[in-house]
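Residue strings, one per chain:
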Amino acid sequence: MKMLINVPETVVTDALRGMAAAHPELTVDVENRVVVRRDAPVADKVGLVSGGGSGHEPLHGGFVGPGMLDAACPGEVFTSPVPDQMARAAAAVDSGRGVLFVVKNYTGDVLNFDMAAELAEDEGVQVARVLVDDDVAVVDSTYTAGRRGTGATLFVEKLAGAAAEAGAPLERVEAVARQVVESSRSFGVALSACTTPARGVPTFDLPPGELELGIGIHGEPGRERRGMMTSGEIADTVVDAVLDDLRPDLPVLALVNGMGGTPLLELYGFAAEVHRVLGERRVAVAGTLVGSYVTSLDMAGCSVTLCQADEELLRLWEAPVRTPALRWGI
Amino acid sequence: MTVALDADFFRRWMSAVSAAVDREADQLTELDSAIGDADHGANMRRGLTAAVASLEEEAPSSPGAVLALAGRRLISTVGGASGPLYGTLLRRTGKALGAEDSVDPGRLREALRAGVEAVAQLGSAARGDKTMLDALYPAVEALGDSGDDFGAARRAAEEGAAATVPMRARRGRASYLGERSVGHQDPGATSSALLFAALADTAGTVATGESA
């Protein structure tokens, strides 16, 4: 597979050098792999730090800036970052009011962020942690590692980020993040597998006439394979899978997310179908974001995340944000 | 005759693990692409290369210090679940070995037991979950009372790794697949078997008087 890279070993550092060049409003430590908003630590503000494997861009580095994350720590492709990165980020963004780690629920991310929290606490930084686990394709039981963290991460980072920007204390920022996690569910579909730079061939084999339901964001195969469907049929399947787990009695925020290899033209068509299904199911939509935000390299496909939002969450959603990938109101 | 294992032995063991992982990296990645995310070989190779470089640079003088340093380097370079898990295995084993200049194999077996328990605790996993523990537990048991049956430990680890094929994964990324994880060998158990193969190889060069 042809890729726009130099060598597989440097894809992450090459991308960080590019971020540094394109975004002078960020401090990009290429060697230690930490992206920090340039004005950090912001006085009297709780710090928000996230991170995870690379390959999901713009998550997380593209969400660093006023109104969202204070710092992001990219790992190797699909590999969680190491504890030193998050400890360094925590030290860089702590104003003395504490730091919230936003962690997607994967075994590696959880272990590395836990070790980082210990390191940061040894340095006198107060750390709280919220686990994002919104993917309903994984059965949450003692027989699995629990539901995966996917699209809801964007809502957590935006809404908790807005709360922190408004001056809320750590307990409040953490509570907002937890509320968003509890109020959000996602489900994803792949039309093609993704190809990691290191391997150069697709991570699983998906024949032309088939799609994969319940995929994660790391090229891991999904739960079930079916014959190809129309956008409308996919919307029925995906939205119903989410609503099977989340029965909203409030309006929802909807993320209609591309996996990286699906054009915006197709995504907007899909967003129309998602709205149709939500209307048929009597679910009110308070806001919709369409685009490729939580991706899986070049995978074609989509995911839908719904977040049930009360008035405060809606207010936090509308609050100004200025990051490379998400910006409004400023 | 019981062999005393010194810091040099542990350094050579770590170098042998690094070489074995380097040799088998593609196979580990291939196994990982079936039920994981296709990076186990590359990640372990990166971490072990860094660990071996640190051991050469800092030349720790006790077996415990060798494993503790190697473990710390894995934690700070590998990422993913493998970094903390393998790092903890080596750090806790190293800690249990203490600061002596050399240890006998019985002491190593007890230290490994502590290290494997720490891995089980950190990963909230047990035997039969289709993880590295399915190779580690049988290998440590097979070391025997005197702790020096390295050949048996190697075989037990390889058999333990092979025995993960029919298992359904209950921990880590493979657990997302449910029934679809059945029929594939666990990459973590496979790399754990390499750890014990390297131990047997290193012990073999000691027993026959070869130099590495």
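Residues numbered from 1 in each chain as written. Chains lettered and ligands numbered in written order. Predicted model: local features only at pLDDT ≥ 70, side-chain atom pairs only at ≥ 80, totals over all residues. Heavy atoms only, no water.

(A) Here's a closer look at the environment of B:Asp6. Residue and element names in this part refer to chain B. Among the secondary structure elements, Asp 6 is positioned in strand β1 (residues 5–6). Expressed as a C-alpha distance, the spacing of Asp 6 and Ser 61, which sit 55 residues apart in the sequence, is 8.4 Å. Those residues within four positions of Asp 6 in sequence are excluded, and the remaining contacts are Pro 63, Asp 101 and Ser 102. (Helix = DSSP H or I, 4+ residues; strand = E, 2+ residues; numbered from the N terminus. Contact = heavy atoms within 4.5 Å.)

(B) Focus on the UniProt feature "domain: DhaL" (unreviewed entry) in chain B. The UniProt feature table records "domain: DhaL" (unreviewed entry) at residues 8–201 of chain B. The straight-line gap between the two end C-alpha atoms of residues 8–201 of chain B is 14 Å; of that span, 69% is helix and 1% is strand. (UniProt positions renumbered as here; feature names shortened; annotations may be inferred.)

(C) A look at the domain arrangement of chain A. All names here are of chain A. Along its sequence, chain A is organised into domain 1 (10–182) and domain 2 (184–308). Each of domain 1 and domain 2 has a C-alpha centre, and these two points are 23 Å apart. In this complex, domain 1 contributes 28 residues to the contact, which on the side of domain 2 involves 31 residues. Across the domain 1 to domain 2 interface the summed buried area is about 2300 Å²; carbon plus sulfur atoms make up 65%. The largest per-residue losses of area from domain 1 upon contact with domain 2 belong to Phe 78, Val 136 and Phe 155, which jointly make up 26% of the total buried on that side. Asp 245 serves as the salt-bridge partner of Arg 147, at 4.0 Å between the closest nitrogen and oxygen. At the surface where domain 1 touches domain 2, the tally comes to 13 residue pairs in polar contact (both at pLDDT 80 or more). Looking at the side of domain 1 that touches domain 2, the elements that each hand over two or more residues are α4 (152–165) and α5 (170–182). Per-element tally for the side of domain 1 that touches domain 2: the top contributor is α4, with 4 residues. (Domains from an automatic or database assignment. Buried area = accessible area lost by both parts, 1.4 Å probe. Salt bridge = Lys/Arg side-chain N within 4 Å of Asp/Glu carboxyl O. Polar contact = N/O pair within 3.5 Å; in protein donor to acceptor, adjacent residues only side chain to side chain.)

(D) Representation of the sheet that holds strand β6 (residues 127–132) of chain A in the model. All names here are of chain A. If you walk across this open sheet you meet the 6 strands as β1-β2-β4-β3-β5-β6, and the pairing is mixed. Of all the strands in the sheet, the pair left with one neighbour each is β1 (26–29) and β6. Going across the sheet, the axis of each strand differs from the next one's by a mean of 20°, ignoring polarity. Looking at chain direction, strand β3 (residues 47–54) and strand β4 (residues 71–77) are connected through 5 bridges and run parallel. (Pairing = 2+ DSSP bridges. Axes fitted to C-alpha atoms, helices over the stretch in contact; angles between N-to-C directions.)

(E) Local environment of the environment of B:Thr77. With respect to the helices and strands, the residue B:Thr77 is situated in helix α3 (residues 63–77). B:Thr77 sits in the buried class, given a relative accessible area of 18%. If sequence neighbours within four positions are ignored, B:Thr77 has contacts with A:Val82, B:Arg46, B:Gly47 and B:Ala50. Polar side-chain contacts of B:Thr77 include one of 2.6 Å to the backbone oxygen of B:Arg73. (Buried < 20%, exposed > 50% of the residue type's maximum accessible area, 1.4 Å probe, protein only.)

(F) Local environment of the nonpolar core. Residue and element names in this part refer to chain A. Core analysis: the largest hydrophobic core is formed by 63 residues, its most contacted members being Leu 100, Leu 154, Phe 155, Leu 159 and Val 173. At 9 residues, α4 tops the list of elements feeding residues into this core. When residues of this core are sorted by domain, at least three fall in each of domain 1 (10–182) and domain 2 (184–308). Other than its neighbours up to four places away in sequence, Val 173 contacts Val 46, Leu 48, Leu 100, Ala 160, Ala 163, Ala 164 and Ala 168. (Core = buried A, V, L, I, M, F, W, Y, C linked by side-chain atoms within 4.5 Å.)

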